[in-house]
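# Working through the structure, step by step
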Amino acid sequence: MKKSSFFSKLNKATIFKAVLTGIIIVIVEIICGSLIYNSYVNYVYEEVYAEYEHTVYGVAERARATLGVDADYSSADIQESLRELVGDGYVLYREASGGEVVGDGWALSGSLADLGLDVRASGTFTLDDATYIFSSAELGGYYRLGLVDDFTTRQAAIDGLVSNMVAYLIIAGIFILTAFIFYVNWAGYRAFTPRHAYKFTVGKDGSITGYNGRFRRDFGAITKIDVDFSKYDNGGYNLINVNGVKGEKTLSFTVDKRDKKLIVRADEIKNSTGAVDAASSEGGEITSTGKAKASLSKAYDDFSHRGKRTLIGIIVITNLNRISALFGKEMALSVQKEVIRKAQEKFKYVYELDFGRIGIAYPDGNSFNAVLSEMSDRLAYLGQPIKIEDNLFSAELRSGFAVCDESMPPHDFGYALQAAEAALQRCIDTKIADFLVYHESQKSVYAKYFIKYDIKQMLTEGAFELEYQPQYNISLGRIDGFEALFRVKKSWSVNVDTFSFITYAERTGAMVQLGDFIFDTGMRFAKQLESKGVSISLNVSPVQLMQAGFTENFLRIFKKYDLKPGSVCVEITESFLMNNFEETLRKLTILKNNGIEIHLDDFGTEYSSLLYIKKLPISAIKIDKEFVGGVAKDKASQAIIRFINNIAKLIGCKTICEGVETPQEYDMLKALGCDTVQGWLIGRSMKPEDALKIIDTFDYEAAAAAKNAQLSQIKQPKFAK
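What counts and what doesn't
- Residues numbered from 1 in each chain as written.
- Predicted model: local features only at pLDDT ≥ 70, side-chain atom pairs only at ≥ 80, totals over all residues.
- Heavy atoms only, no water.
- Helix = DSSP H or I, 4+ residues; strand = E, 2+ residues; numbered from the N terminus.
- Contact = heavy atoms within 4.5 Å.
- Areas by Shrake-Rupley, 256 points an atom, 1.4 Å probe, with all protein chains shown as cover.
- Patch = residues over 30% accessible without salt bridge, like charges linked within 9 Å, V, L, I, M, F, W, Y side chains within 5 Å.
- Salt bridge = Lys/Arg side-chain N within 4 Å of Asp/Glu carboxyl O.
- Buried < 20%, exposed > 50% of the residue type's maximum accessible area, 1.4 Å probe, protein only.
- Phe/Tyr/Trp six-rings, centres within 6.5 Å; stacked < 30°, edge-to-face > 60°.
- Core = buried A, V, L, I, M, F, W, Y, C linked by side-chain atoms within 4.5 Å.
- Arc of directions from axis to C-beta.
- Pairing = 2+ DSSP bridges.
- Axes fitted to C-alpha atoms, helices over the stretch in contact; angles between N-to-C directions.
- Disulfide = S-S within 2.5 Å.
- Polar contact = N/O pair within 3.5 Å; in protein donor to acceptor, adjacent residues only side chain to side chain.
- 1 Å grid on protein atoms, 1.4 Å probe; cavity = no way out; pocket = protein on both sides within 12 Å on 5 of 7 lines; lining within 4 Å.
- Points joined across faces, edges and corners; volume = space filled by probe spheres on them.
- Nonpolar A, V, L, I, M, F, W, Y, C, P; charged D, E, K, R; others polar.

Here we come to the overall build of the protein chain. From N to C terminus, the protein chain includes 23 helices and 24 strands. Partitioning the intrachain contacts of the protein chain with sequence separation of at least 6 by distance along the chain shows that 64% fall at a separation of at least 24. For the protein chain, the accessible surface area stands at approximately 36900 Å², while carbon and sulfur atoms represent 53% of it.

Okay, structure coming up:
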């Protein structure tokens, strides 16, 4: 692979600046050289002239003393006396008439003007290929005495010194220009050559033959890494996991192939893999749409055409809804605006996708690896406290990034964004880190986040079903309701959990059709239970509720089965009441007025506000399993449940406690005055036919006795025979 020259990497603007700077250096050097040259020459000649002027002044003074100031210096007698006094090499001339020479046989004849000399100043002139120096002094009566001496040898010496000085100046200029070019090349090389924390050399047999101090410190004196580095292209971006002194590290690396060895340069990429995925019912996302997403897409296309790598990222401010509830949406938007401003400092290409959702794009270049290796610090900067109107806010962030390079098969924005979404969703689900970085070499770890199903086709082919979890009314001593739970039939072997599948349906716009299936199936079963006084609770997602025409469609199905008031309940979670509360209130009121009961799910786990239970037309508050688990002994949970239960009774609502698993929990909830319980103690989710049977056959005392017996066996120690 042919290496590109340094200048081929520079853009035209940079080359122009470098050339312009070089020209300026040359011009400055010439000006400075000229000034030095002139100063030196003037100094030399001033010294020489002073010497000769001193001599001629002395001679002129002796002539005036001997011959007199008023002597007629034009007469032959005076001139002869002058010759005897001063010897040859002198000239007598009148100051007037351009320095006309008086007398014959002297060093000069004619006039000084013919030789380009000044009658009063010292100077040099050339005559018959020889150089002479001339100095003069006043005699009297408009006559001056001039001294003429051969200056050829001395002039040559002076010229030699000047030539040497010019040569030195030229050499100094060349040295300065060379140093400048070297500096530009060195600075450019540093700009285009990323600084890597780790550097090691790999021989042809795959053994590590050398490494820098940082590598030895973090990984010890290892001699081999189980990776075939020779298969990677020069300059390509790759990820590997290496066992270090303090555990496994994920490294991004590039390979520089030499004749007999490979030079590997690497940096640590934190949070690129992490632990094995764990199931989670938490998380979620806001769909990114509109012009900002289009701008992000355009940036990705532009960057991917100009370089081998592009970074795509999604940052979610997870507590922005909470800030909105407590301080108002305008304040929340101000917080988001400040986070975006700080993100622009660290990533430059930043796009406001939605409320609490920010898009990032970053092109290939000299700082690409630095962005990856410094990701933790950059995101920590974004999460630093923000002061707005004397209020201090902390932005809680979760982020997902994808490194899009030649290893990513489809070079389109949709896939790149899906990869970033996968990293973000895995970050939220597993809670192993605040951010994750996806690379195609790790796709197996993110497999479940790349699900791609034709939900419409699956609906047609009957891939889905509902199961029903019973709800036991404590005071009535019977089952009086079921929560409908969506399931993908096992025969379809979908390798993702239900929550992830629902999230996928919401993201791909298939939730409306899927919701219609859930509502229709659930209400059809509700019709079967109507005569038994048992209701069906249906979960409604924010995507469904915010759809135009949701209430009309829901009521259409409700009326299709001619259901009685109270036979169907809608469950909503308080977490999505933060946005569009007034719109949510309006739609739920319409449902309530048409005989649909409203249950508020997971109360107390998100952004609980008494305003909700005051304004919303709810008929039941569901207490989350986080408070129910261990309630038999946990005084704090008991106090919270008692508080919620008292409020519910005051406003005419019932309470439904989720996650009840032991008789002890049941007994405590009964003592606290709770109305209904739901959990594995009563029954897991079941098929419709089993749900129909359990209504008439369920015996709580028998279920409690069976559970106690099971718990007793677990507590008994096992002894070896």
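The discussion continues.
Attention now goes to a nonpolar patch on the surface. Together, V19, I23, I27, I31 and L35 line one region of the surface with nonpolar side chains, adding up to about 450 Å² of accessible area. The partly exposed category is assigned to I27, whose relative accessible area is 43%.

Further remarks concern the packing of aromatic side chains. By the definition in use, this model includes 28 aromatic pairs. Ring centres of Y472 and Y666 lie 6.3 Å apart, and the angle between their planes is 55°; on these two criteria the pair is classed as tilted. Residue Y472 is located in strand 17 (residues 464-473), and its partner Y666 is located in helix 21 (residues 663-671); the two are separated by 194 residues in the primary sequence. Each member of the pair, Y472 as well as Y666, carries the same accessibility label: buried. Summarising the aromatic geometry, the rings of F550 and F554 are spaced 5.8 Å apart at their centres and angled 40° between planes, so their arrangement reads as tilted. Highlighted residues: F550 and F554, both in helix 16 (residues 550-560), separated by four residues, approximately one helical turn. For F550, a relative accessible area of 6% translates into the label buried. Put simply, the rings of Y198, F200, Y211, F215 and F219 pair up and form one aromatic cluster.

By size, the foremost hydrophobic cluster in this structure holds 82 residues, and its most contacted members are F482, M523 and F554. Per element, the largest residue contribution to this core is eight residues, and it comes from helix 14 (residues 511-529).

A separate point is helix 16. Restricting attention to buried positions, one finds in helix 16 the residues F550, T551, F554, L555, I557 and F558. Take helix 16 and look down its axis: the buried residues cluster within an arc of 155°, on one side only. In helix 16, the exposed residues that point more than 90 degrees away from the buried face are E552, K559 and K560. Elements in contact with the buried residues of helix 16: helix 14, strand 19 (535-539), helix 15 (542-545), strand 20 (568-573) and helix 17 (581-593). Among the residues trailing helix 16, D562 stands out with phi positive, at a value near 50°.

Of note, V28 is situated in helix 2 (residues 12-67). The spatial distance from the C-alpha of V28 to the C-alpha of G173 is 9.4 Å, given a sequence separation of 145 residues.

Attention now goes to the sheet that holds strand 22 (residues 620-623). Strands sit in the order 17-18-19-20-21-22-23-24 around a closed barrel of eight strands; the barrel is mixed. Averaged over all neighbouring strand pairs, the angle between strand axes comes to 30°, with direction disregarded. As paired strands, strand 17 and strand 18 (residues 478-488) are joined by ten bridges and run antiparallel to one another. For N473, the partnering residue across the bridge sits in strand 18 and is R478.

Turn by turn, an α-helix covers 3.6 residues, leaving residues three or four places apart pointing in a common direction. Looking at helix 3 (residues 76-86), one finds that the buried residues are I78, Q79, L82 and V86. Taken down its axis, helix 3 places every buried residue within 100° of arc, on the same side. The exposed residues of helix 3 that point more than 90 degrees off its buried face are A76, D77 and E84.

Attention now moves to the state of the cysteines. What makes a disulfide is a covalent bond joining the sulfur atoms belonging to two cysteines. On inspection of all chains with the given rule, the structure shows zero disulfides. C674 supplies the cysteine sulfur nearest to C657, a cysteine that is in no disulfide, at a spacing of 3.5 Å. Looking at C657, the relative accessible area reads 0%, which means it is buried.

On to the side chain of Q79. Structurally, Q79 is set in helix 3. From its side chain, Q79 meets the backbone oxygen of Y73 in a polar contact 3.5 Å long.

This part covers empty space enclosed by the protein. Taken as a whole and judged by the stated rule, the model has one cavity of 30 Å³ or more. In this structure, the largest cavity occupies an estimated 80 Å³ of space. Residue lining of the largest cavity: Q418, E421, A422, Q425, K448, Y449, I451, S500, T503, Y504 and R507, and that is the complete set. Mapped onto the lining of the largest cavity, the elements with two or more residues apiece are helix 11 (413-430) and helix 13 (498-508). Partitioning the lining of the largest cavity into residue classes produces four nonpolar, four polar and three charged.

Let's shift gears to the pattern of salt bridges. Overall, the coordinates contain 25 salt bridges when judged by the stated rule. The residue R487 makes a salt bridge to E467 at a minimum N-O spacing of 3.6 Å. Residue R487 is found in strand 18, and its partner E467 is found in strand 17; the two are separated by 20 residues along the sequence. Note on R487: relative accessible area 24%, which makes it partly exposed. Among the residues examined, E467 registers a relative accessible area of 14% and is labelled buried. Residues E483 and K622 are paired through a salt bridge, measuring 3.2 Å at the closest nitrogen-oxygen approach. In this pair, E483 is assigned in strand 18 and K622 in strand 22, connecting sequence segments 139 residues apart. As far as burial versus exposure is concerned, E483 and K622 are alike and both buried. Three or more residues joined by partner-sharing salt bridges are found here, namely E465, E467, R487 and K687.

The residue K431 is not glycine, and still its phi comes out positive at about 60°. Relative accessible area serves as the criterion here: at 53%, K431 is assigned to the exposed category. Even without being a glycine, D562 presents a positive backbone phi close to 50°. Tracing the backbone shows D562 in the loop between helix 16 and strand 20.

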